[in-house]
Amino acid sequence: MDTWPQPKRPRLTAWLLYRVQRLLAPSAFHGWLGKWLETSAVRYRIFTGTEKSIKKEIFGCRMCGQCALPATGYACPMTCPKQLRNGPCGGVGGDGSCEVHPSMRCVWVVAYERAERQGHAADLQLLQRPIDHRRWGESSWVNYWQHRDDDLWTSDDGLDTAPVIWRPEPALRAGRR
Ligand code: SF4
């Protein structure tokens, strides 16, 4: 991990990145490439260093190794000073500013705006699972190609089954009056 995170507005448009994503999607070739890289510490280090440089410049990537970008309009949630992966905190300004860095725009506001413009607003309803902090510094591309991130977020909003809320029976409520 490097310095404390600051919100970062991606340098490339979401329109372009959703298209680039299709080229990077797991395939037989990418699976082979990932394995080939992992069989040599030198190759893996060079590849991971290159990934870090590219993604740091474009997204402010901090190399958590478990990339959420495809579900966040390509705004990196790890640049949120609170590193929230499931939406903004309660301190977002009415103008969309970050509570910690008021001169900057909240990462999650940026994520929503970018995803919505590309018809991906529903992605923001998916629940991001907690990340494995032992994987910081790993190549998220290799992990993606090796299907290690397949369950990084839920496939729906996780709200199909309503939580059970206990309510006293009407008769019991009446007896309490
Ligand atoms: S790998 Fe992690 S830190 Fe890097 S861009 Fe993706 S979510 Fe952000």
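Scroll up for the structure.
All values derive from a computational prediction rather than experimental measurement.

About the thresholds
Residues numbered from 1 in each chain as written. Predicted model: local features only at pLDDT ≥ 70, side-chain atom pairs only at ≥ 80, totals over all residues. Heavy atoms only, no water. Phe/Tyr/Trp six-rings, centres within 6.5 Å; stacked < 30°, edge-to-face > 60°. Helix = DSSP H or I, 4+ residues; strand = E, 2+ residues; numbered from the N terminus. Buried < 20%, exposed > 50% of the residue type's maximum accessible area, 1.4 Å probe, protein only. Lys NZ or Arg CZ within 6 Å of the ring centre and 35° of its normal. Disulfide = S-S within 2.5 Å. Salt bridge = Lys/Arg side-chain N within 4 Å of Asp/Glu carboxyl O. Contact = heavy atoms within 4.5 Å.

Draft legend 1. Region of interest: the packing of aromatic side chains. Going through the model one piece at a time under the given rule, you end up with five aromatic pairs. Between F47 and W145 the ring centres are 6.0 Å apart and the planes differ by 50 degrees, which places this aromatic pair in the tilted class. Here the residue F47 occupies a position in helix α3 (residues 41-59), and W145 occupies one in helix α5 (residues 140-145), the gap between them amounting to 98 residues. Of the two residues, F47 and W145, neither departs from the other in class, the shared state being buried. Site record: aromatic cluster; members linked through ring pairs are F29, W32 and W36. The ring of W36 carries the charged tip of R43 above its face, separated from the ring centre by 4.1 Å.

Draft legend 2. Spatial organisation of the state of the cysteines. One pass over the full model with this rule turns up zero disulfides. Of all cysteine sulfurs, the one in C80 lies closest to C89, which takes part in no disulfide; the gap is 6.5 Å.

Draft legend 3. Layout of the pattern of salt bridges. For the coordinates displayed, the defined rule picks out eight salt bridges. Its salt-bridge partner being E51, residue K55 comes within 3.6 Å of it at the nearest N-O pair. With K55 and E51 both in helix α3, this residue pair falls four residues apart, about one helical turn. Here the two residues K55 and E51 agree in accessibility, since each one is buried. In this structure, a network of salt bridges that share partners links the residues R135, E138 and D149.

Draft legend 4. Structural detail: the side chain of R135. Structurally, R135 can be placed in the loop between α4 (107-117) and α5. Judged by relative accessible area, R135 falls into the buried class, the value being 15%. When sequence neighbours within four positions are dropped, the list of residues in contact with R135 reads M63, C64, G65, Q66, N143, R148 and D149.

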